[in-house]
Amino acid sequence: MPTPPENLNPDGNLVSNETFAEYMAPIEAALSDYAVAVNAQADGHGYLPAASSQAMAELDVQRAWATASWSEPVRNAHSYASTLLYTLIEHVAAFAAIIAHTKVGPSQSHRPTLRAVFEITPIAHWLFDPTISAEKRVKRSIAYRLKSANESGRMQHLEQAVQNSKNARNACKTFARHNGWAIRANAVDDEKLPVAAESFSTVVFGGEAERLDRTLWSLLSASTHGTWYAISEGFAERMVPDPFDPSGGFAPVIIEAGQITMFALMVGQSLQAVATARSELMGWPATDAMIDALTRIETIGERYTAATANS
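Residues numbered from 1 in each chain as written. Predicted model: local features only at pLDDT ≥ 70, side-chain atom pairs only at ≥ 80, totals over all residues. Heavy atoms only, no water.

## Some thoughts on the overall build of the chain
The following threshold applies: Strands are runs of DSSP state E lasting at least two residues, helices are runs of H or I lasting at least four, and both sets are numbered from the N terminus onward. Each residue gets one of three labels from its accessible area relative to the maximum for its type: buried under 20%, exposed over 50%, partly exposed in between, using a 1.4 Å probe on protein chains only. In this description, accessible areas are obtained by the Shrake-Rupley approach with a 1.4 Å probe, and a residue is regarded as covered only by the protein chains that are shown.
Across its full length, the chain holds 11 helices and 2 strands. In the chain, the order of α-helices and β-strands from amino to carboxyl end is α-α-α-α-α-α-β-β-α-α-α-α-α. For the chain, the proportion of its 311 residues judged to be buried stands at 47%. Summed over all atoms, the accessible surface of the chain reaches about 15,300 Å², with 54% contributed by carbon and sulfur.

Here you go:
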């Protein structure tokens, strides 16, 4: 893999779309293959946890919290996490396609997908967390349901959506009371959904990782909503020689292969974090296809780190 430059030829001219796609091909292929492999893992086990897994042990005791209207609370908790993982898989595959096939960039099109990855990863990992008890997982699933009901209730123009939101919140409250749990806002006892900007880095990079860079998060959010200043600021990072030329138009845009590669690596690490949590909870070993694709992502990451350290 070549050293990540500012996507320029030696003579200072911008590279072609084809050259950029060729440069991004290894990480695009690795991300795509990893997404496919993670998606196929559950199918290889019939979507059932291993007999000796923590997930199976949790299913065996779920009757302790069950009610007539909510009879499989642990299975539901596993399903919520799985649904988020499949959504994350789609976003990872989409990010790979964007960076390799966007003919005019990408300078903006990858940002909403990147934000979605940042949003989903900590919550999916939180629900899959293999280190927590079954009771805590059920509490987390109710907190997730409460937040989801709120989002549905924002569609004030749809009477049925508003009513469904109220019904879902009432069902969560009734279930919590049955089990002696307190609900405050969207928290069930002390279980509250993680805030992506604050928890993403810890989930993906572990340890004492700092929160996601505030400027990056704000830029991704504003770009997703099409805010002019955010979009122009994003362009300005890649413009030569100035964000605006004398005539008032945009100067040529440089799409930095290095920055896009960094984001692609973060996307791959996001999927790895959640897929690993699911594997540990379900008792599923990583498949050869998962290991192969992840090894390729890690190799690209090592080369990227070495190249940027020497630049």
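## What to know about the packing of aromatic side chains
Aromatic ring pairs are reported here in terms of the distance separating the ring centres and the angle at which the planes meet. Selection rule: Aromatic contacts are taken between Phe, Tyr and Trp rings whose centres are within 6.5 Å, Trp giving its six-membered ring; a plane angle under 30 degrees counts as stacked, one over 60 as edge-to-face, and the others as tilted.
Going through the model one piece at a time under the given rule, you end up with 5 aromatic pairs. Judged by centre distance (4.9 Å) and plane angle (45°), the rings of Trp70 and Phe175 are tilted. With Trp70 in the loop between helix H2 (54-60) and helix H3 (73-101) and Phe175 in helix H6 (residues 159-178), this pair connects stretches of sequence that are 105 residues apart. Just as Trp70 is buried, Phe175 falls in that class too. Between Phe118 and Phe200 the ring centres are 4.3 Å apart and the planes differ by 50°, which places this aromatic pair in the tilted class. In this pair, Phe118 sits in helix H4 (residues 110-128) while Phe200 sits in helix H7 (residues 196-205), placing the two residues 82 residues apart along the sequence. When sorted by exposure, Phe118 lands in the same class as Phe200, which is buried.

## Comments concerning the packing of helix H1 (residues 17-41) against helix H11 (residues 288-310)
Defined as follows: For every element, the axis is a line fit to its C-alpha atoms; helices are fit only across the contacting stretch, and the angle between N-to-C directions ranges from 0 to 180 degrees. Note on terminology: angles under 35 degrees are roughly parallel, angles over 145 are roughly antiparallel, angles of 65 to 115 are roughly perpendicular, and the others are oblique. A clockwise turn of the near helix away from the far one marks a right-handed crossing, whereas an anticlockwise turn of less than a right angle marks a left-handed crossing. The contact criterion used is simple: two residues touch if any of their non-hydrogen atoms lie within 4.5 Å. Think of it as three bins: nonpolar holds Ala, Val, Leu, Ile, Met, Phe, Trp, Tyr, Cys and Pro, charged holds Asp, Glu, Lys and Arg, and polar takes everything else, Gly as well.
Direction vectors running N to C along H1 and H11 enclose 150°, while the axes themselves pass 8 Å from each other. Classified by the interaxial angle, the pair formed by H1 and H11 is roughly antiparallel. For the crossing formed where H1 meets H11, the hand is left-handed. Along the contact surface, H1 presents Pro26, Ile27, Ala29, Ala30, Leu31, Asp33, Tyr34, Ala37, Val38 and Gln41, while H11 presents Ala289, Met290, Ala293, Leu294, Arg296, Ile297 and Ile300. Here the residues of the contact of H1 with H11 sort into 14 nonpolar, 1 polar and 2 charged.

## Points about the pattern of salt bridges
Counted only if it meets this: Every case where a carboxyl oxygen of Asp or Glu lies within 4 Å of a side-chain nitrogen of Lys or Arg is listed as a salt bridge.
Considering all chains together, one arrives at 11 salt bridges under this definition. One salt bridge connects Glu72 with Arg75, and the closest N-O pair in it is separated by 3.2 Å. Residue classification places Arg75 among the partly exposed positions, given a relative accessible area of 36%. Close ionic contact of Lys139 with Asp189 constitutes a salt bridge, the shortest N to O distance being 2.8 Å.

## Here's the deal with H6
The cut-off we apply is this: What a helix is expected to span follows from its residue count: subtract one and scale by 1.5 Å. Note that the arc is computed from the directions linking the helix axis to the C-beta atoms.
Between the first and last C-alpha of H6 there are 29 Å, a value that for 20 residues agrees with the 28 Å anticipated at 1.5 Å per step. Three or more residues of H6 are buried, namely Ala161, Val162, Ser165, Ala168, Arg169, Cys172, Phe175 and Ala176. The arc enclosing the buried residues of H6, seen along the axis, measures out at 160°, which places them on a common side. Opposite the packed face of H6, turned more than 90 degrees from it, sit the exposed residues Glu159, Gln160, Arg177 and His178. For H6, the elements touching its buried residues are H3, helix H5 (134-153) and strand E1 (183-184). Looking one or two places after H6, you find Gly180, whose phi comes out positive at around 75°.

## Describing the confidence of the model for the chain
So the rule is basically this: Every residue carries a pLDDT, the predictor's confidence in it, which falls somewhere between 0 and 100.
Across the chain, pLDDT averages 86, with 86% of residues at or above 70. The lowest-confidence element of the chain is helix H9 (residues 228-236), averaging 63 in pLDDT; the highest-confidence one is H2, averaging 98. Low pLDDT, under 50, characterises residues 237-253; the stretch is placed with 33 contacts to residues that sit more than four places away or in other chains.

## Some words on H5
In this model H5 runs 29 Å from its N-terminal to its C-terminal C-alpha over 20 residues, within 8% of the 28 Å that 1.5 Å per residue would give. Turning to H5, its buried residues number three or more, namely Ala134, Arg137, Val138, Lys139, Arg140, Ser141, Ile142, Ala143, Tyr144, Leu146, Ala149 and Gly153.

## Brief notes about the packing of H5 against H6
Contact pair H5 / H6: the axes reach a minimum separation of 8 Å and the direction vectors enclose 160°. Judged on the interaxial angle alone, H6 and H5 are roughly antiparallel. Of the two elements, H5 crosses H6, and the hand of that crossing is left-handed. Contact with H5, carried on its side by Val138, Ile142, Arg145, Leu146, Ala149, Asn150, Ser152 and Gly153, involves Ala161, Val162, Ser165, Ala168, Arg169, Cys172 and Phe175 of H6 and no other residues of that element. When its residues are assigned to classes, the contact of H5 with H6 shows 9 nonpolar, 4 polar and 2 charged.

## Concerning the nonpolar core
Most often, soluble globular proteins have nonpolar side chains that are buried together. What counts, and what does not: For this analysis, a nonpolar core means a set of buried residues of the types Ala, Val, Leu, Ile, Met, Phe, Trp, Tyr and Cys, connected via side-chain atoms within 4.5 Å.
Among the nonpolar cores identified, the biggest contains 75 residues, and Leu31, Tyr34, Phe118 and Leu271 are the most heavily contacted of them. Among the elements that take part in this core, helix H10 (residues 257-282) stands out by supplying 13 residues, more than any other. For Leu31, the contacting residues outside a window of four places in its chain are Val92, Phe95, Ala96, Ala264, Val267, Gly268 and Ile297.

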